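Analysis of the macromolecular model
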Amino acid sequence: MNRYHINPEITQAETLPASFYRDQATFDLIREKVFYQSWQWLGDENLVQLPKHTHPFVLMDGFLTEPMVLTKDEKGDIHCLSNVCTHRGNLVSQNPGSQRKLVCMYHGRKFGLDGKFESMPEFKEAKDFPRACEDLHRFETAQWGPMLFAQLGGEVDFRQVIEEMNQYVGFLPLDEFVFNAVQSKDYLVNAHWALYCDNYLEGFHIPFVHSDLNEALDYGSYETVLHDYFNVQVGYSEGAEDIFDLPKDHIHAGKRVAAYYFWVFPNMMFNFYPWGLSVNVVRPISLNQTKVSFLSYIYDESKLHKGAGALLDKVEREDEFVVEGVHKGLQSKYYQSGRFSPSREQGVHQFHQMLAKYLS
Ligand code: FES
Ligand SMILES: [Fe+2]
């Protein structure tokens, strides 16, 4: 059943239909076919700062509700494991802290910090035991600067994605970026999660919706570059202040770049400014509600309140207002779908094509 199809030719394509954003069965299918087939942001490497540290968490509680645990083994390697005991399914790690082994408190099954099954009481007579599936499920992980990611499913090579993003921002010392809790917060948006992404994926609305941001950016030269699995919007500045100091061999050397806005399918955004990085993780809650986490990583504090990366909170409120407006509009019986601006909505078109493909 392929209910959604997006014409690959943007000049002819129509947007996803309103029913996509209204249908509970589609929302549930997205969980399986999009989110469980994707790479997801886990957090900061400092969650497991020292060897033999473990950090249990629930990935997207209320949507995926996937119990996972991060561990750092004796050698300093980080692992992301399922936190579900392979005996009868109890949570293995209950609290973050220092541990040499993962031991399930229910009946004592023991695993290494890499998830490998090690021992289990009262199983001497069990035949064909232990099998490989006695190990905790191990997720493929990737690290970009201080940020950790895990592959829930699918075939995407995230290292390739990181390598391509680094063509734009690899000159920045991402390892030196420091997470700042004060500058970070969650927003609750009364809208479908994909509408939040749709809005993020075009700068078309900037002159209409964000008067302050519009002053910091040169709308005429704003551009969207599509890559496999992600895209980047490049915001240029008219002035010479608050721009990146780009190295000579950079693809944008000599240009006044004020911001790089990366979106990675389906729900991660990495906004680079001269002061550092604002990460947005879009977490579906229900058809009508979404939590968006803003996480700030600061590199140069002196530039924090300048340029395109100032006023993040104000810009977010302005975005929420239009996204919630669209969400209400899409409940109408009289709106089916729209068309794309070929010059300004390439990112939304890419997103809709990918969603249609993943759901087919
Ligand atoms: S559920 Fe973990 S040992 Fe039984
Ligand atoms: Fe916006």
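Residues numbered from 1 in each chain as written. Chains lettered and ligands numbered in written order. Predicted model: local features only at pLDDT ≥ 70, side-chain atom pairs only at ≥ 80, totals over all residues. Heavy atoms only, no water.

A separate point is the sheet that holds strand β6 (residues 102-103). Sheet architecture is open: three strands sit in the order β6-β7-β8, paired in antiparallel fashion. Each edge of the sheet is formed by a strand with only one pairing partner; in this case those strands are β6 and β8 (117-119). When β6 meets strand β7 (residues 110-111), the two strands line up antiparallel, connected through two bridges. The residue of β7 that forms the bridge with V103 is K110. (Pairing = 2+ DSSP bridges. Helix = DSSP H or I, 4+ residues; strand = E, 2+ residues; numbered from the N terminus.)

With that out of the way, let us pick up the domain arrangement of the chain. One can read the domain layout of the chain as domain 1 (39-151) and domain 2 (170-359). On a C-alpha basis, the centroid separation for the pair domain 1 and domain 2 is 33 Å. Across the contact, 12 residues belong to domain 1 and 18 residues belong to domain 2. Both sides of the domain 1 and domain 2 interface together cover about 1300 Å² of buried area, and 71% of this is carbon and sulfur. Where domain 1 packs against domain 2, one counts zero salt bridges. Taken together, the links from domain 1 to domain 2 amount to two residue pairs in polar contact (both at pLDDT 80 or more). When residues in the side of domain 1 that touches domain 2 are grouped by element, the largest group, four residues, is from strand β1 (residues 39-44). (Domains from an automatic or database assignment. Contact = heavy atoms within 4.5 Å. Buried area = accessible area lost by both parts, 1.4 Å probe. Salt bridge = Lys/Arg side-chain N within 4 Å of Asp/Glu carboxyl O. Polar contact = N/O pair within 3.5 Å; in protein donor to acceptor, adjacent residues only side chain to side chain.)

Right, let's talk about unusual backbone geometry for a bit. Cis geometry marks the peptide bond from F129 to P130; its omega dihedral reads 0°. Residue placement: P130 occurs in the loop between β8 and β9 (138-144). For T65, which is not glycine, the phi dihedral falls at a positive 50°. Take T65: its relative accessible area is 39%, and that puts it in the partly exposed class. Positive phi, normally seen in glycine, also occurs at E122, with a value near 65°. By the element assignment, E122 lies in the loop between β8 and β9. On the basis of relative accessible area, E122 is assigned to the exposed category, the value being 75%. (Buried < 20%, exposed > 50% of the residue type's maximum accessible area, 1.4 Å probe, protein only.)

This brings us to the pattern of salt bridges. For the structure on display, the rule yields 14 salt bridges. The shortest N-O distance in the salt bridge between R131 and E134 comes to 3.2 Å. Linking D186 and K291 is a salt bridge whose minimum nitrogen-to-oxygen distance equals 3.7 Å. Here D186 is found in strand β11 (residues 178-189), whereas its partner K291 is found in strand β17 (residues 289-298), with 105 residues between them in sequence. Connected via shared salt-bridge partners are D28, R31 and E32.

The next thing to look at is the environment of H349. Relative to the helices and strands, H349 resides in helix α8 (residues 346-359). On a C-alpha basis, the gap between H349 and M68 in space is 33 Å, while along the polypeptide they are 281 residues apart. Those residues within four positions of H349 in sequence are excluded, and the remaining contacts are I6, N7, P8, E9, I10, A13 and F340.

Along β1, six of the six residues are buried, which leaves the element largely enclosed by surrounding structure. Bridge count for β1 against strand β10 (residues 147-151) is five bridges, and the pairing is antiparallel. In the strand pairing of β10, Q40 is matched with A150.

Within the protein, H205 (NE2), H210 (NE2), D319 (OD) and D319 (OD) serve as the donor atoms for the iron ion (ligand 2), at 2.0 to 2.7 Å. Geometry at the iron ion (ligand 2) is irregular, judged from its four donor atoms and the angles of 53 to 148° they form at the metal. Given the relative accessible area of 1%, H210 is considered buried. Residue classification places D319 among the buried positions, given a relative accessible area of 11%. (Donors = N, O, S within 2.8 Å, 3.2 Å for Na, K, Ca; no water. Tetrahedral: all angles 85-135°; square planar, octahedral: opposite > 155°, others 65-115°.)

One way to put it is that helix α4 (residues 193-200) packs onto α8 with a least axis distance of 8 Å and a crossing angle of 145°. For the pair α4 and α8, contact is made by W193, A194, C197 and D198 and by V348, F351, H352 and L355, respectively. Classifying every residue of the contact of α4 with α8 by side-chain character gives six nonpolar, one polar and one charged. (Axes fitted to C-alpha atoms, helices over the stretch in contact; angles between N-to-C directions. Nonpolar A, V, L, I, M, F, W, Y, C, P; charged D, E, K, R; others polar.)

Moving on, we come to the packing of α4 against helix α7 (residues 312-329). Across the interface, α4 lies against α7 with an axial gap of 10 Å and an inter-helix angle of 125°. One finds that α4 runs oblique with respect to α7. For the pair α4 and α7, the crossing hand works out as right-handed. Two secondary-structure elements touch here, α4 through L195, Y196 and N199 and α7 through E316, D319, V322, V323, V326 and H327. Tallied by class, residues from the contact of α4 with α7 come to five nonpolar, two polar and two charged. (Parallel < 35°, antiparallel > 145°, perpendicular 65-115°, else oblique. Left-handed = near helix turned anticlockwise from the far one by under 90°.)

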